[in-house]
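# Architecture and fold: a report
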Amino acid sequence: MNHPSTTTQLYNYLRQYEWLRRIYRESRTALHITQNRIRTLGSGNLGLKRHRTYLSNISKYNLPLAVSSPEQLLDRCKEHEIRYSTGRHSIYLPPQKALGEFLGEIVRDYPTDAGFKILRNFQSPAKASYIANGDQRRLTKSMMGPVTNQALAANALAALDLGPPCYGIAHLQSGSEEMTAFAVRHVEGDLASPEDCEEFVNKLRPLVSQGLLELVPVRGLKDPDFLPPHCNFNLLRERSTGELMYIDFQQLLANQQPLLKKITENSSEDVHFGGSSSLFRDGKKYLYQSIPGLSSTAKRDTEYRWKIYRSMLEKHGVQVSGKVVLDVCCNTGVMLAHAIGDGAAWGIGWDLPNVVPHSRKVMQVLGAACSTLIPTQLSPEYEISASVPEWLKAKLEGSVLFYLAAIQHVGIIRDLANIPWKTVFFEDHEGITNEEADENLRKIQNAWNCQIVWRGRISDGDCGSRNVAILQR
Ligand SMILES: C[S@@+](CC[C@H](N)C(=O)[O-])C[C@H]1O[C@@H](n2cnc3c(N)ncnc32)[C@H](O)[C@@H]1O
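Residues numbered from 1 in each chain as written. Predicted model: local features only at pLDDT ≥ 70, side-chain atom pairs only at ≥ 80, totals over all residues. Heavy atoms only, no water.

What follows covers the packing of aromatic side chains. Following the criterion strictly, the structure yields 14 aromatic pairs and no others. Ring centres of Phe182 and Phe249 lie 5.4 Å apart, and the angle between their planes is 65°; this geometry places the pair in the edge-to-face category. Taken together, the residues Phe182 in strand β6 (residues 177-185) and Phe249 in the loop between β10 (244-246) and β11 (252-254) connect sequence positions 67 residues apart. Measuring from centroid to centroid gives 5.0 Å for Tyr403 and Trp448, while their planes differ by 80°, and the two rings are edge-to-face. Of this pair, Tyr403 sits in strand β19 (residues 400-404) while Trp448 sits in helix α14 (residues 434-448); the two residues are 45 residues apart in sequence, bridging distant segments of the chain. The burial state of Tyr403 is the same as that of Trp448; both residues are buried. Joined through ring pairs, the aromatic side chains of Tyr110, Phe116, Tyr167, Trp346 and Trp391 make up one cluster. Note that Lys117 overlies the ring of Phe249, its terminal NZ or CZ placed 4.3 Å from the centroid. (Phe/Tyr/Trp six-rings, centres within 6.5 Å; stacked < 30°, edge-to-face > 60°. Helix = DSSP H or I, 4+ residues; strand = E, 2+ residues; numbered from the N terminus. Buried < 20%, exposed > 50% of the residue type's maximum accessible area, 1.4 Å probe, protein only. Lys NZ or Arg CZ within 6 Å of the ring centre and 35° of its normal.)

Structure (structure tokens):
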């Protein structure tokens, strides 16, 4: 009889040990996932589904450089003197002068403060997992889900003022290689101190126990990524704002429903409804725009309204997909979020300074972070074209303008004539007669040099029917 050699015996023993270790690790993860779920359900949050509907489209870009592996990407960075930092699962390229030449068109499609986190797991966004290939943590991968979950987590942190937003996810291609990149707002800052780390974790703890966020690491807040001195290099104090920013968003998962609830509760003085235009029902203030995934009542049913507006636009040959959408008096930004969910390349919204910080949070939690919201007091004389960020100006040709229930608040902003939009969706106010609406539309056509292509009356939510129109140049 043949006896296995001592080496073979040892090898078999170690293999068994590794196998046992994996089982142990996976069962701890299973327990952790169950605890996460119980905590979320226990805090009364039944909406466990993550809505990805309002995330921007994932665009495809051909890289001007040939790369076939993460190591080669690092070599190319060195050759081109591109600054980068590396993590276990990603390679981060901060904004810098030569980045446009190095990464190509993708850089022009995002704000100038965007950095790009490229996953080491070279796969398309549809197939990629954040965790690098070769990592055996199957259950952790399934808990983390698709890369859209990481974008939603980053934006939830942003809405909680704890991290930078993720503007979008991109699909990069170099020959037959496919890659996933997150475009994130770059944080220029200093590594946090142990006290900062404690301050951050003290903010995070209640958000986790209330089920707003879930922690991915099995060790929870005892994981080195949440421990002093600096949360494993992941916590920075941003120089420009002095705020603490956590950049390791893949360690968290966002529960959108309780997050939206918290944000809208906190905004009740401002957004429930735009200063003097407060809305009341049964003596209580309520939202103007309904927010997807939130059960609170609102005056306008944004989902139904968008369905109708989109179909009317499409009937007249207008798609928002790939275009910049402008929304004057955007309120919580939900109409923009719908347009982004339908493929709009970027959203620009304007509303009052006390409203916009809340709108930004709502849009971030929904995932619609490919948007710029401008806090301002609009008026007919307002120079709206000058308020558009420089990098977006070149993308305004053919854009779509929403002028919804805005005219009574801000009149007809004359400078909109100087923005090269192609189509306006106009909605007048409740209680306006057809004759008054005719007069408003006549003034708009004169001021902006456009023609009516369709007129109708539409009602949604709590409202009586209103005059609506599509105008084009
Ligand atoms: C009736 S709501 C319409 C909101 C959105 N356009 C819609 O139809 O769903 C009017 C919005 O105009 C904003 N608003 C009122 N006066 C404004 C001003 N002078 N400048 C900017 N926004 C203003 C309010 O804050 C509010 O969000």
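The rest of the description comes next.
The nonpolar side chains of a soluble globular protein tend to be buried, and buried together. Formed by 139 residues in total, the largest nonpolar core has its most connected members in Val328 and Tyr403. The dominant element in this core, judged by the number of residues it contributes, is helix α5 (residues 147-159), at 7 residues. Both domains that furnish three or more residues to this core are identified here as domain 1 (55-185) and domain 2 (267-472). If sequence neighbours within four positions are ignored, Val328 has contacts with Trp350, Leu378, Ile384, Leu401, Phe402, Tyr403, Leu404, Ala406, Val410, Ile413 and Leu416. (Core = buried A, V, L, I, M, F, W, Y, C linked by side-chain atoms within 4.5 Å. Domains from an automatic or database assignment. Contact = heavy atoms within 4.5 Å.)

A few words on the state of the cysteines. On inspection of all chains with the given rule, the structure shows 0 disulfides. A disulfide-free cysteine, Cys77 has its sulfur positioned 19 Å from the sulfur of Cys166, the nearest such atom. By relative accessible area, which is 0% here, Cys77 ends up buried. With no disulfide partner, Cys330 has as its closest neighbouring cysteine sulfur the one in Cys329, 7.9 Å distant. Given the relative accessible area of 0%, Cys330 is considered buried. (Disulfide = S-S within 2.5 Å.)

Turning next to the sheet that holds strand β1 (residues 59-62). The strand order β1-β5-β6-β4-β3-β2 describes an open sheet built from 6 strands, whose pairing is mixed. Looking at the sheet topology across the chains shown, the edges are occupied by β1 and β2 (85-86). Sheet analysis places β1 next to strand β5 (residues 166-174), joined by 4 bridges and oriented parallel. Of the residues in β5, the one forming a bridge with Lys60 is His171. Docked against the sheet, helix α2 (residues 70-79) engages β2, β3 (90-93) and β4 (114-119), running at close to 20° with respect to β3. (Pairing = 2+ DSSP bridges. Axes fitted to C-alpha atoms, helices over the stretch in contact; angles between N-to-C directions.)

Moving on, we come to the pairing of strand β17 (residues 346-351). Counting buried residues in β17 gives 6 out of 6 residues, a clear majority hidden from the surface. Of the two faces of β17, the one holding Trp346, Ile348 and Trp350 and the one holding Gly347, Gly349 and Asp351 are both buried throughout. Pairing of strand β16 (residues 324-328) with β17 involves 5 bridges; the strand directions are parallel. Note on β17: the bridge partner recorded for Asp327 is Gly349. As for the winding sense of the linkage, the β-α-β connection from β16 through helix α9 (residues 334-341) to β17 is right-handed. Note: β17 against strand β18 (residues 371-375), 5 bridges, orientation parallel. By the bridge assignment for β18, Gly349 is matched with Leu373. (Right-handed = clockwise from strand over helix to strand, strands pointing away.)

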